[in-house]
Amino acid sequence: MQESDPIVTISQWIAKAERIIVFTGAGVSTESGIPDFRSPGGLWDRYDPDEFRFQRFLESEESRKKYWKMSTEFFALLTRVRPNPAHEACVELDRLEKLECVITQNVDNLHTEAGLDPGKVIEIHGNALQVGCLECDARHPRAEIQEWVDAGEEVPLCRKCGGLLKPRTISFGQGMPVDEMQRAEACMKRCDLFIVIGSSLVVYPAADMPIHAKANGVQLAIINMTPTPFDEHADLVIYGKAGEVMEDILRRVKQLLIH
Ligand code: APR
C-alpha cells in the first residue's frame, strides 16, 4: 500500500537498513544527458532494437557496421557526460555504510565515475568503455579501438586472432555475464532493502531481480518517472526525477541518522 509521504517513508527505511541494493536503469543517467531507451526520443525511437541482436552481429557484416556506427555515437556522448546527483547519492549511501551493491543495467560507467567502489558496482549488461574479442577474449580499452574505427575501420578485428571485436556490452540474444549474475544473486541473498531507480523493468532477466527480492521478503521501492509493470508489487513507489528525488532522500536520511 502506498504511504502518504513516500519520501519520508523511504528515508526511514534507508536509515534503518544495513544492506541496500540499488538497481539502476537508463533513467538514472538521463539527468547526465544520456537519453534512455524507451522514453519518447529514446534510443529505440531512433534505432530498431532488432537490428542490434547478437545473432545479427555474428552473421551480417552490414549489421556489424550499423552496430559500430550506433556505438560510436554513444561512445562520443559518453566522453562528454558526468555523473549526476542520483549516482552521487549511491556513493553517499556507501559512505553511510548502507550499501550492499549497485546492480546496474547501464553500460555508461557513471556509477564508477561518481566514485563508487568498483567492487560494489555490478554491471549486468556490461560496460561500453571496454572492448572484447568474441574469439580469443582479448580485452582492449574502448578508446584504443575507437581510434581504429574513427580512422576508417568500420568493423574492427582482433589483431591477435582476426576475430570480431565488440564492446563488452550485452546485446539482445547474448548470454548474461556469469560472474556478474552470480555476484548479483549473492548480494540479493544478503540485502534488506531493494531500491529500483530509473528502469522501465521490461527487459529480462534483469527485471526478475526486484520480484525475486520481494519474494525473498525484502522491501521493494521503485523510483521512476513513469509507471512500471511492477509498481503494484512494490512496497513503495515514487514518481519523479532520480537525481532530485535521491538528493531529497539523502538529505533526510542524514538528518535521521544524526538524531
Ligand atoms: N528519473 C527517473 N526515471 C527516469 C528518468 C529520471 N530522470 N528519466 C527517465 N526515467 C525512466 C523512464 O520513464 C523509463 O521508465 O527510466 C526508465 C528507463 O527505461 P528504459 O529506457 O527502458 O531503460 P532500462 O530500463 O534501463 O532498459 C533496460 O533495455 O535495451 C535495453 O540493454 C538496454 O539495459 C537496457 C535495458
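Structure: see above.
Residues numbered from 1 in each chain as written. Predicted model: local features only at pLDDT ≥ 70, side-chain atom pairs only at ≥ 80, totals over all residues. Heavy atoms only, no water.

Draft legend 1. Quick look at the pattern of salt bridges. Taken as a whole and assessed by the stated rule, the structure comprises 15 salt bridges. One salt bridge connects Lys66 with Glu51, and the closest N-O pair in it is separated by 3.3 Å. Here Lys66, found in helix α4 (residues 61-78), pairs with Glu51, found in the loop between α2 (43-46) and α3 (54-59); they are 15 residues apart in sequence, far enough to count as distant. Its relative accessible area of 39% is what places Lys66 among the partly exposed residues. Residue Asp248 is joined to Arg251 by a salt bridge in which the shortest nitrogen-to-oxygen separation is 2.8 Å. One end of the pair, Asp248, and the other, Arg251, are both in helix α10 (residues 242-258), 3 residues apart, so they sit about a helical turn from each other. For Arg251, a relative accessible area of 47% puts it in the partly exposed group. (Salt bridge = Lys/Arg side-chain N within 4 Å of Asp/Glu carboxyl O. Helix = DSSP H or I, 4+ residues; strand = E, 2+ residues; numbered from the N terminus. Buried < 20%, exposed > 50% of the residue type's maximum accessible area, 1.4 Å probe, protein only.)

Draft legend 2. How the structure looks around the pairing of strand β7 (residues 193-197). For β7, a buried count of 5 out of 5 residues is recorded, marking the element as mostly surrounded by other parts of the structure. Across 5 bridges, the pairing between strand β1 (residues 20-24) and β7 is parallel. Opposite Ile20, over in β7, you have Leu193 as the bridge partner. One ladder, built from 5 bridges, connects β7 with strand β8 (residues 219-224); its direction is parallel. Opposite Ile195, over in β8, you have Ala221 as the bridge partner. The parallel pair β7 and β8, bridged by helix α9 (residues 208-215), forms a crossover whose chirality is right-handed. (Pairing = 2+ DSSP bridges. Right-handed = clockwise from strand over helix to strand, strands pointing away.)

Draft legend 3. Spatial organisation of the layout of surface pockets. Considering only enclosed or pocket space, the second largest pocket measures out at about 500 Å³ in volume. The wall of the second largest pocket is formed by 22 residues, among which Gly126, Gln130, Arg168, Pro177 and Glu180 lie closest to the centre. Among the secondary structure elements, those contributing two or more residues to the lining of the second largest pocket are β3 (121-123), β4 (126-133), β6 (165-169) and α8 (178-190). For the lining of the second largest pocket, the element with the highest residue contribution is β4, accounting for 5 residues. Looking at side-chain class alone, the lining of the second largest pocket contains 7 nonpolar, 7 polar and 8 charged residues. Summarising the domain contributions, the lining of the second largest pocket has at least three residues from each of domain 1 (1-33 + 83-125 + 176-259) and domain 2 (35-80 + 127-169). (1 Å grid on protein atoms, 1.4 Å probe; cavity = no way out; pocket = protein on both sides within 12 Å on 5 of 7 lines; lining within 4 Å. Points joined across faces, edges and corners; volume = space filled by probe spheres on them. Nonpolar A, V, L, I, M, F, W, Y, C, P; charged D, E, K, R; others polar. Domains from an automatic or database assignment.)

Draft legend 4. Molecular detail of the packing of aromatic side chains. All chains considered together, the criterion is met by 8 aromatic pairs. Aromatic side chains Trp44 and Phe52 sit 6.2 Å apart centroid to centroid with 25 degrees between the ring planes, which places their arrangement in the stacked category. The same class applies to Trp44 and to Phe52, which are both buried. For the ring pair Trp44 and Phe172, a centre distance of 6.1 Å and an interplane angle of 45 degrees mean the geometry is tilted. Of the two residues, Trp44 sits in helix α2 while Phe172 sits in the loop between β6 and α8, which places them 128 residues apart along the sequence. Among the aromatic residues, those joined into a cluster by ring pairs are Phe37, Trp44, Tyr47, Phe52, Phe57, Tyr67, Trp68 and Phe172. When the ring centre of Trp148 is taken as reference, the NZ or CZ atom of Arg159 above it lies at 3.6 Å. (Phe/Tyr/Trp six-rings, centres within 6.5 Å; stacked < 30°, edge-to-face > 60°. Lys NZ or Arg CZ within 6 Å of the ring centre and 35° of its normal.)

Draft legend 5. Structural context of the state of the cysteines. Scanning all chains against the criterion turns up 0 disulfides. Residue Cys136 stays outside any disulfide, its sulfur separated by 3.7 Å from that of Cys161, the closest cysteine. With no disulfide of its own, Cys161 lies 3.5 Å from the sulfur of Cys133, the closest cysteine sulfur. Looking at Cys161, the relative accessible area reads 40%, which means it is partly exposed. (Disulfide = S-S within 2.5 Å.)

Draft legend 6. Summary view of the sheet that holds β6. Taken together, the 3 strands give an open sheet; going across it, the order is β5-β4-β6, and neighbouring strands pair in antiparallel fashion. The open sheet is flanked by β5 (139-141) and β6, the only strands paired with a single partner. Neighbouring strand axes in the sheet, compared pairwise and without regard to direction, differ in orientation by 40 degrees on average. In terms of strand pairing, β4 meets β6 through 5 bridges, oriented antiparallel. Of the residues in β6, the one forming a bridge with Gly126 is Thr169. On top of the sheet, α4 reaches β4 and β6; it is set at about 50 degrees to β6, its chief contact. (Axes fitted to C-alpha atoms, helices over the stretch in contact; angles between N-to-C directions. Contact = heavy atoms within 4.5 Å.)

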